[in-house]
Amino acid sequence: MVEITIVVEVAYAEAERQTVVRVELPRNSSVRQAVDLSGIAAELPKGAVDSYPLGVFGNKVAPDRIVQNGDRIEIYRPLLLNPMEARRHRAR
């Protein structure tokens, strides 16, 4: 029997650059499995993927969520400045 696969994108953005990797994986795979297969974790500080929030198309999701064909999985880095604090700085 042929295993059915799907294709997703895994993305991580920094201030200077964005990394997007297309990954082909078996149907019923999780967000975490897609991130692991992408190899992006190797570019991040050790253990970062475990502590950074994950999302699909801008919506925060759990690492065990099942991905769908065409999903864009995003690895969110920590905020350097709270958005409310940033507005206060701009207003000054």
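Before any of the text, the structure's been laid out above.
These lines cover the structure that appears in this document, whether it is placed above or below. In this text the structure is predicted, and so the values were computed from the model without any measurement. (Residues numbered from 1 in each chain as written. Predicted model: local features only at pLDDT ≥ 70, side-chain atom pairs only at ≥ 80, totals over all residues. Heavy atoms only, no water.)

A separate point is the pattern of salt bridges. For the structure shown, the criterion picks out seven salt bridges. The salt bridge partner of arginine 72 is glutamate 74, with a shortest N-O separation of 3.5 Å. In this structure, glutamate 85 and arginine 88 form a salt bridge, with 3.1 Å as the shortest nitrogen-oxygen distance. Taken together, the positions of glutamate 85 and arginine 88, both in helix H3 (residues 83–91) and three residues apart, correspond to about one turn of that helix. In the salt-bridge network here, residues are joined through shared partners; they are Glu9, Arg72 and Glu74. (Salt bridge = Lys/Arg side-chain N within 4 Å of Asp/Glu carboxyl O. Helix = DSSP H or I, 4+ residues; strand = E, 2+ residues; numbered from the N terminus.)

Judged by pairing direction, the sheet is mixed, and its five strands sit side by side in the order E2-E1-E5-E3-E4 without closing on themselves. Edge positions in the sheet fall to strand E2 (18–26) and strand E4 (59–61), since each of these pairs with one other strand and no more. Averaged over all pairs of adjacent strands, the angle between strand axes in this sheet comes to 35 degrees, irrespective of strand direction. Here helix H1 (residues 31–38) sits on the sheet in contact with strand E1 (5–13), E2, strand E3 (54–56), E4 and strand E5 (72–75), set at roughly 115 degrees to E2. (Pairing = 2+ DSSP bridges. Axes fitted to C-alpha atoms, helices over the stretch in contact; angles between N-to-C directions. Contact = heavy atoms within 4.5 Å.)

Tracing the backbone shows isoleucine 73 in strand E5. Separated by 45 residues in sequence, isoleucine 73 and asparagine 28 place their C-alpha atoms 15 Å apart. If we skip the residues at most four places from it in the chain, isoleucine 73 touches Val8, Glu9, Val10, Ala11, Val31, Ala34, Val35, Gly55, Val56 and Val67.

Take it as geometry only, folks, not as evidence of what the structure does.
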